Amino acid sequence: MSALDAKTENGVLHLDEDLSFDITEDVEAARVCRLALDSAGRIVSADPEAIQAGFASYIGCDLHALSCIAELGVHAERLISALQQSVATMRRVSVVMPQHSGLSEVVYTPMSSLGGDEPQVFVELYGERFNPLRREAYQLALTTIEQALEASTDGYLVVEVASQRLLRMNGACRRLVGGEVQPRLGDSIQDSFQTIDLTGRLRALIVGAGRAATKASGILLEGAETPVWVEAEVRQQELVGLPVVVVRLRDVSAHHLLMSSSREADRRLELVLDFAGVGIADYDFVSGMVTFDEVGRVLRGLDRPRVTIAEAFAAIIPEDRIAVVRNLLRSRHDGVRDVNTEYRVVQSDGTHRWLLGRGRLMFNDQGHPVRFLGAVRDISEQRRTEQLLRSTAERLEREVNDRTAELARANQRLIDASRMVARAEYLERRRVASVLHDDLQQGLYSLGLRLRALQQRIPAEFFRSVTELADLVSSTLQMTRGLVVDLAPPLLDGEGGVEALRWLVSDLRRRLGLVITLELDPSLPETVDVPILVQAARELALHASHLHGAQVLRMRLSRQQAHLVLEVGEDGSQSEARAEHDAELAALSLLSERIHLCGGELQMHRDQQSCVWTVSVPSALEAVP
Amino acid sequence: MKGRVFIVEDHPELVRSYRVLLSLWDGIEICGTAVSAEEALDSELLDLAELVMVDISLPGMDGITLLRHLRARAFSGHLVVVSGHAEDQYASAALGAGADAFVDKSRPEVLIDVLERFLGGGTPVPVG
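Here goes a summary of the coordinates provided.

Scoring rules and cut-offs
Residues numbered from 1 in each chain as written. Chains lettered and ligands numbered in written order. Predicted model: local features only at pLDDT ≥ 70, side-chain atom pairs only at ≥ 80, totals over all residues. Heavy atoms only, no water. Helix = DSSP H or I, 4+ residues; strand = E, 2+ residues; numbered from the N terminus. Buried < 20%, exposed > 50% of the residue type's maximum accessible area, 1.4 Å probe, protein only. Contact = heavy atoms within 4.5 Å. Areas by Shrake-Rupley, 256 points an atom, 1.4 Å probe, with all protein chains shown as cover. Buried area = accessible area lost by both parts, 1.4 Å probe. Salt bridge = Lys/Arg side-chain N within 4 Å of Asp/Glu carboxyl O. Polar contact = N/O pair within 3.5 Å; in protein donor to acceptor, adjacent residues only side chain to side chain. Nonpolar A, V, L, I, M, F, W, Y, C, P; charged D, E, K, R; others polar. Axes fitted to C-alpha atoms, helices over the stretch in contact; angles between N-to-C directions. Parallel < 35°, antiparallel > 145°, perpendicular 65-115°, else oblique. Left-handed = near helix turned anticlockwise from the far one by under 90°. Core = buried A, V, L, I, M, F, W, Y, C linked by side-chain atoms within 4.5 Å. Pairing = 2+ DSSP bridges. Phe/Tyr/Trp six-rings, centres within 6.5 Å; stacked < 30°, edge-to-face > 60°. Lys NZ or Arg CZ within 6 Å of the ring centre and 35° of its normal.

Our next topic: the overall build of chain B. From N to C terminus, chain B includes five helices and five strands. Of the regular secondary structure in chain B, the N- to C-terminal order runs β-α-β-α-β-α-β-α-β-α. Split into buried and exposed, the 128 residues of chain B put 54% on the buried side. Contacts spanning at least 24 positions in sequence make up 65% of the contacts within chain B whose residues lie at least 6 apart. Working note: accessible area of chain B is about 5,400 Å², and carbon and sulfur atoms make up 51% of it.

Below you can see the structure in the form of structure tokens.
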């Protein structure tokens, strides 16, 4: 008996090439065992050889049970058919078995004279498989193989070629196959692997291996809840004269999943790149060639996907080409990996396309750049949008500037108009005052003089009446004078605002008893002349006196940047006569409106003790003619 | 009262009123009138006057300036400023320019007092 060595190396089972068993030296080439069958094909008895061959347990069973014996395999049908023929004809039938079946001949001999009611058939099975030594070797070989297979991490199964029945399988294979129904030894592989797809290509592979091919791979198994992807490799062997196939099943699920994920990722990336319009460019500085994908080729306007670096750069318009090359060289020199650049390429129709190129330089072990892998994207629309936004922003800015200038001009016109209104009002006040002074007052003066003259010449009884008339004229004259002063203080004409304020302070003291402290900014020239400020000073002083009962005031005239500022404040001693805020605003509304028309403003700040009014007007009002 | 008076006043009605008032005294003679300072300075009658009544507000040269001119040419008569402006500033200016008196037009009795002070006293002449 030859040694049946089996070992594993790197998970691969190597069986000795020849597992045949040479029995010619010690035993007969063929042995025979005998079974007795009834006409129904049931085994009724077995001789010692048959019992030794394992048929004892089949006594009482239908001859079909023989099909359960792996060694008979697919030949059981032939044997049953021959049996039926023998019984039917009551003639001896001999069936010559193929060599790989382990039988040489099966002979049926109908025997109706054995004393039973039913005819019996003696079955004589001839074959070396019934040689005890061979059987022992066969079992030993299977045991040896089984032990060797169990040591392997790969799944192994041994299948008899003739019967396609499973002879052995290791634990790795059981785990790999999984499922609730584990394959049983002796079962047909057709029925063994219900949870995996072994019925198709693997079976064909096994059958094919038994006939011609000895090795195959790339078989795919799936069907479990969690698909198990295996790679099957078959190898034909002779096992004590019987052809078997050793199938190695290797779990490639992880690899398959990885490859599947990779393919999926590739598909998604391709989809994304297509949708995003991103092209890929691969610059090989060693070969001097650039390879574009289809999108990149189209974007760059090239007629083929692989061009020289020089050809690739030639597609860039000259104005941008130098910048792109310089950018790349700078990155190459500085060892900067990532490069971003924008440039234009010429399209077939002569127009330009804006591209954004982003890529990464790859360096060899010596630090030299050997490759540039980049992506390129069409940003023409973005550029056009940016340009549109820029032009829109510029246009809006111009419009805003124009509008602002227009508003400034309108504001200036309004200020000028206000000045003219203020000036017109001032002139009108002066005109009215002049009329009052030159005509009415002079008439009253004359009347007063005449009455005084008349007093000297009338009889005594009329003197009193004339005197009363003269006094009435005098008081009327005083009232008219006050009105003239209110309308147009005489010192406003040509003496300057500073002198006018001094006069106002004096006049208010004389007429109303107001004590006013006047502070003048030393930087103000004496000639500063803003009638509205003097008018405001007078009206605010009268307001403080009449509405607040103020008797002591302070005035301050100063220049603050481009404004003249007049402050009129109380000394805080007249708080009991303080008016309500709304009444204040109403009383000063006309003054505030006049100041506003001049481009200025009137503000009031007050607390429990005092009140301060601040009038601010543009210094330019000084220039009003 | 007695003396020659020159009146510088641009309002004719007021000049007529001055005439009426001054006619109360026989000794007072209105030697001349002018409606402006320039006219007064050009008038030969001005130098005959012993008293000049000057209004401050005049067309052209004002009364204060006229006073300075008159004092500058050594006018020796009395200069009385008669003004519709009662403010102290005007009075100060007038007196500073050489006026002998500053009279508020609205007070004719003061004017009479001033005239009496400079031209002598006397009772106005009774009506005819």
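The subject of this paragraph is the overall build of chain A. Across its full length, chain A holds 16 helices and 22 strands. Counting the 625 residues in chain A, one finds 43% classified as buried. If you take every contact in chain A between residues at least 6 apart in sequence, the share linking residues at least 24 apart comes to 51%. Summed over its atoms, the accessible surface of chain A is roughly 32,900 Å², and 53% of this surface lies on carbon and sulfur atoms.

What follows covers the interface of chain A and chain B. Each side of the interface is counted separately: chain A has 23 residues, and chain B has 29 residues. When the two sides are added together, the surface that chain A and chain B hide from each other amounts to roughly 2,300 Å², 59% of it contributed by carbon and sulfur. The largest share of the area that chain A buries against chain B comes from A:Leu449, A:Arg450 and A:Arg457, three residues that together contribute 29% of it. Scanning the region where chain A abuts chain B turns up three salt bridges. Here A:Arg452 ties to B:Glu109 by a salt bridge, and the two come within 3.5 Å at their closest N and O atoms. Along the contact surface separating chain A from chain B lie eleven residue pairs in polar contact (both at pLDDT 80 or more). Tallying contributions element by element places helix 11 (residues 380-455) of chain A first for the side of chain A that touches chain B, with eleven residues. Across the side of chain A that touches chain B, the residue classes tally to eight nonpolar, nine polar and six charged.

This part covers the side chain of B:Glu9. Checked against the element boundaries, B:Glu9 lands in the loop between strand 1 (2-8) and helix 1 (12-22). Of note is the side chain of B:Glu9, whose polar atom sits 3.2 Å from the side chain of B:Lys105.

Take the packing of helix 14 (residues 531-548) of chain A against helix 16 (residues 589-597) of chain A next. Residue and element names in this part refer to chain A. Packing of helix 14 against helix 16 brings their axes to within 11 Å, and their N-to-C directions diverge by 165°. Compared by their axis directions, helix 14 and helix 16 come out roughly antiparallel. The way helix 14 lies across helix 16 gives a crossing that is left-handed. Mapping the contact onto sequence places Ile532, Gln535, Ala536, Glu539 and Leu540 in helix 14 and Leu591, Arg594 and Ile595 in helix 16. Tallied by class, the residues present in the contact of helix 14 with helix 16 amount to five nonpolar, one polar and two charged.

Moving on, we get to the nonpolar core. All names here are of chain A. Residues Trp613 and Val615 are the most contacted members of the largest nonpolar core, which totals 39 residues. Going through the elements one at a time, helix 13 (497-512), helix 14, strand 19 (552-560), strand 20 (563-570), helix 16, strand 21 (601-606) and strand 22 (611-618) are the ones with two or more residues in this core. Sort the elements by how many residues they give to this core and helix 14 lands first, with nine residues.

Residue and element names in this part refer to chain A. Taking strand neighbours across the sheet as the criterion, the five strands line up as 18-19-20-22-21 in an open arrangement whose pairing is mixed. Each having just a single partner strand, strand 18 (515-520) and strand 21 make up the two edges of the open sheet. The average undirected angle you get between the axes of adjacent strands in this sheet is 15°. The pairing of strand 18 with strand 19 spans six bridges and is classified as parallel. Note that in strand 19 the partner of Leu518 across the bridge is Met555. Along the sheet face, helix 13 touches strand 18 and strand 19 and points at about 170° away from the line of strand 18.

A few words on the environment of B:Glu29. All names here are of chain B. Along the chain, the position of Glu29 falls in strand 2 (residues 27-34). When the C-alpha positions of Glu29 and Lys2 are compared, they lie 7.7 Å apart, and in sequence the two are 27 residues distant. Glu29 has contacts with Gly3, Arg4 and Val5, leaving out every residue within four places of it along the chain.

A few words on the pattern of salt bridges. Tallied over the full model, the rule gives 31 salt bridges over all chains. Taken together, the shared-partner salt bridges connect A:Arg452, A:Asp471, B:Arg107 and B:Glu109 into one network.

Attention now goes to the packing of aromatic side chains. Throughout the structure, instances matching the rule amount to three aromatic pairs over all chains. Each ring, one from A:Tyr283 and one from A:Phe372, has its centre 5.6 Å from the other, and the planes form 70°; the classification is edge-to-face. Here the residue A:Tyr283 occupies a position in strand 12 (residues 278-284), and A:Phe372 occupies one in strand 17 (residues 369-378), the gap between them amounting to 89 residues. Under the relative-accessibility criterion, A:Tyr283 is labelled buried at 6%. By relative accessible area, A:Phe372 is classed as buried at 9%. Between A:Arg383 and the ring centre of A:Trp354, over which it is positioned, the NZ or CZ distance is 3.7 Å. Directly above the ring of B:Phe118 sits B:Arg117, whose terminal nitrogen or CZ lies 5.0 Å from the centroid.

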